[in-house]
Amino acid sequence: MGQKKDLTGSEKSKIVRYLAEGCSSLKIAKLLKRDHRTIKRFIQNSQQGRKKRVEKPRRKITAHELRKVKRAAAKMPLATSLAIFQSCNITGVPKSTRCAILRDMAKVRKAERRPPLNKTHKLKRQDRAKKYLKTDFSKVLWTDEMSVSLDGPDGWARGWIGKGQRAPVPLRRQQGGGGVLVWAGIIKDELVGPFRVEDGVKLNSQSYCQFLEDTFFKQWYRKKSASFKKNMIFMQDNAPSHASKYSTAWLARKGIKEEKLMTWPPCSPDLNPIENLWSIIKCEIYKEGKQYTSLNSVWEAVVAAARNVDGEQIKTLTESMDGRLLSVLAKKGGYIGRGFVFVLFLNVINVYL
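Values in this document were obtained by computation on a predicted structure and should not be read as measured data.

Engineer: I would appreciate a short explanation of the overall build of the protein chain in the present structure.
Structural biologist: Helix and strand counts for the protein chain stand at 16 helices and 5 strands. Across the 353 residues of the protein chain, 36% fall into the buried class. When the accessible surface of the protein chain is split by element, carbon and sulfur atoms take 52% of a total near 23,400 Å².

Engineer: Hey, could you run me through the pattern of salt bridges in this one?
Structural biologist: For side chains of opposite charge, pairing can occur when their charged atoms come near one another. This structure, assessed with the given rule, holds 8 salt bridges. A salt bridge links R37 to D35; the nearest nitrogen and oxygen atoms lie 3.1 Å apart. Across the pair K287 and E284 runs a salt bridge, and its minimum N-O distance is 3.3 Å. The class for K287 is partly exposed, based on a relative accessible area of 44%. With a relative accessible area of 29%, E284 lands in the partly exposed category.

Engineer: Just to check I follow, could you spell out the sheet that holds strand 1 (residues 140-149) for this structure?
Structural biologist: What links the strands of a sheet is backbone hydrogen bonding, and the strands pair in either a parallel or an antiparallel sense. Taken together, 5 strands build an open sheet; the order of strands is 3-2-1-4-5 and the sheet is mixed. At either end of the open sheet lies a strand with only one pairing partner, and these are strand 3 (190-196) and strand 5 (261-262). The pairing of strand 2 (residues 179-187) with strand 3 spans 5 bridges and is antiparallel. The residue of strand 3 that forms the bridge with W183 is F195.

Engineer: Is there a simple way to explain a negative patch on the surface in this structure?
Structural biologist: Negative charge collects at one region of the surface, where D189, D310, E312, E319 and D322 lie side by side. Mapped onto the elements, E312 comes out in helix 14 (residues 311-318).

Engineer: Got a minute to help me understand unusual backbone geometry in this structure?
Structural biologist: Residues other than glycine predominantly adopt negative phi, and peptide bonds predominantly adopt the trans conformation. Along the chain, G193 connects to P194 via a cis peptide bond; the corresponding omega equals 5°. Structurally, P194 can be placed in strand 3. At K33, a position not held by glycine, the phi torsion is positive, near 55°. Looking at the secondary structure, you find K33 in the loop between helix 2 (25-32) and helix 3 (36-48).

Engineer: Hey, could you run me through the packing of helix 1 (residues 9-20) against helix 2 in this one?
Structural biologist: How two helices sit against one another is set out by the angle between their axes and by the gap between those axes. With their axes 10 Å apart at the nearest point, helix 1 and helix 2 run at an angle of 140° to one another. Between helix 1 and helix 2, the crossing angle belongs to the class labelled oblique. Helix 2 is crossed by helix 1, and the crossing has right-handed handedness. Counting all contacts with helix 1, which are made through E11, K14, I15, Y18 and L19, the residues of helix 2 involved are I28, L31 and L32. Within the contact of helix 1 with helix 2, the residues separate by chemical class into 6 nonpolar, no polar and 2 charged.

Engineer: I tried to follow the layout of surface pockets on my own but got confused; where do I start?
Structural biologist: The method is simple in principle: a probe with the dimensions of a water molecule rolls over the atoms, and the space it marks as empty is what remains. Roughly 470 Å³ of internal volume is contained in the second largest pocket. Broken down by element, the residue count for the lining of the second largest pocket peaks at 4 residues, all from helix 6 (residues 95-103). Of the residues in the lining of the second largest pocket, the class split is 12 nonpolar, 2 polar and 5 charged.

Engineer: In this structure, what is going on with helix 15 (residues 321-330)? I would like to understand it.
Structural biologist: Those residues of helix 15 lying buried are M321, R324, L325, S327 and V328. Projected down its long axis, helix 15 shows its buried positions confined to an angular sector of 160°, all on one face. Count one or two residues on from helix 15 and you reach K332, which has phi positive near 55°.

Engineer: Is there a simple way to think about empty space enclosed by the protein in this case?
Structural biologist: Under the counting rule described, the total for this entry stands at 1 cavity of 30 Å³ or more. Approximately 60 Å³ is the volume found for the largest cavity. Around the largest cavity sit R125, R128, A129, Y132, F137, M262, W264, P265, L271, M321 and L325, which together line it. Counting residues per element, the ones that place at least two in the lining of the largest cavity are helix 7 (119-132) and helix 15. With 4 residues, the single largest contributor to the lining of the largest cavity is helix 7. Class assignment for the residues of the lining of the largest cavity results in 9 nonpolar, no polar and 2 charged.

Engineer: Looking at this structure, I do not really get helix 14. What am I missing?
Structural biologist: Each α-helix turn comprises 3.6 residues. Residues three or four places apart therefore point the same way. Of the residues making up helix 14, those classed as buried are Q313, I314, L317 and T318. Seen end-on, helix 14 carries its buried residues on one side only, within an arc spanning 130°. Capping the start of helix 14 is the job of one residue whose side-chain oxygen sits 3.3 Å from the backbone nitrogen of E312: D310.

Engineer: What is the right way to look at the nonpolar core in this model?
Structural biologist: Counting 40 residues, the largest nonpolar core has W142, V148, M262, I281 and I285 as its most contacted members. Breaking this core down by element, the ones donating at least two residues are helix 7, strand 1, strand 2, strand 4 (233-235), helix 12 (274-285), helix 13 (295-307), helix 14 and helix 15. For this core, the element with the most residues is helix 13, which contributes 7 residues. One finds Y208, F217, F234 and I256 within the second-largest nonpolar core, a separate group that totals 21 residues.

Engineer: Explain the pairing of strand 2 to me, please; I cannot follow it from the model alone.
Structural biologist: On any regular strand, side chains alternate: one points to one face of the sheet, the next to the other face. Among the 9 residues that make up strand 2, 7 are buried, leaving the element largely enclosed by the rest of the structure. Across 8 bridges, the pairing between strand 1 and strand 2 is antiparallel. Bridging across to strand 2, M146 finds its partner in V182.

What counts, and where the lines are drawn
- Residues numbered from 1 in each chain as written.
- Predicted model: local features only at pLDDT ≥ 70, side-chain atom pairs only at ≥ 80, totals over all residues.
- Heavy atoms only, no water.
- Helix = DSSP H or I, 4+ residues; strand = E, 2+ residues; numbered from the N terminus.
- Buried < 20%, exposed > 50% of the residue type's maximum accessible area, 1.4 Å probe, protein only.
- Areas by Shrake-Rupley, 256 points an atom, 1.4 Å probe, with all protein chains shown as cover.
- Salt bridge = Lys/Arg side-chain N within 4 Å of Asp/Glu carboxyl O.
- Pairing = 2+ DSSP bridges.
- Patch = residues over 30% accessible without salt bridge, like charges linked within 9 Å, V, L, I, M, F, W, Y side chains within 5 Å.
- Lys, Arg positive; Asp, Glu negative; His and termini not counted.
- Charge placed at Lys NZ, Arg CZ, Asp CG, Glu CD.
- Axes fitted to C-alpha atoms, helices over the stretch in contact; angles between N-to-C directions.
- Parallel < 35°, antiparallel > 145°, perpendicular 65-115°, else oblique.
- Left-handed = near helix turned anticlockwise from the far one by under 90°.
- Contact = heavy atoms within 4.5 Å.
- Nonpolar A, V, L, I, M, F, W, Y, C, P; charged D, E, K, R; others polar.
- 1 Å grid on protein atoms, 1.4 Å probe; cavity = no way out; pocket = protein on both sides within 12 Å on 5 of 7 lines; lining within 4 Å.
- Points joined across faces, edges and corners; volume = space filled by probe spheres on them.
- Arc of directions from axis to C-beta.
- Polar contact = N/O pair within 3.5 Å; in protein donor to acceptor, adjacent residues only side chain to side chain.
- Core = buried A, V, L, I, M, F, W, Y, C linked by side-chain atoms within 4.5 Å.

Here you go:
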């Protein structure tokens, strides 16, 4: 025998009205043609009402323990509430109480992505800003590497979902399923590359120089005129494979030395305009939470996204260097403001619109 349906909203309203008129539960069951036990169960449940929440007594924290927690929170940034309390030998405190105590003296924050700048870093950034302030940046080739994974950065797969629709379930693979290392450069309004680093190759000094020989020098640089090569300035960051004696000597043999090789201050990704190019490409290849099933497919997506970046966008990036250096000097070597980077990003995106 099949189970009968629950009482509908209309039936519940009628039960309440019949009860107000003085009808018994048996009479209501006959009027609604429902089982008497169903009617009685509804009446009993509605009369009981909500159960009151019983507040459990919280473990009390002494003033001495509170001071210990405050010191531990200062010494252990980004630690969990449990780890902080355990370091103070305070046990038996529920999570809700721990969080309520910490909320008065700390905030939940994410780790900063940018490396901290000490006094030496700031001085070097100011020195480089002063040195290159009068440089013709249309002659500078800005280079860098970017790693792209199959699944994309965490937290990018966000967007609006229509009512009644379910959000797609992303693939979950060990360590993101691997990725592709990409090298590229920008100069004036031109994109150099992108070039793909062979899978499984770790870029040390020797492999980095061989990679430049096979891609940048043979496929792009040698096609340029003698006057272009004479005036071009090569920029690379301070990665070990870039700044090693081996790589420096190898580039010198290629004619890239002294003033033609731009020295770069430490901890300064905000001063390299190609970092903004990587952001544009990643926004394109991972839009709508897209994921990839093979390394070749994500590489093809990078190439397609790079083709869509036109000369005006690149020119906006390379011409932003004067503003970046002035911002560094204004901030006495500190990171350039997020507002400056955001406005620059909007200016680049506007080329699409």
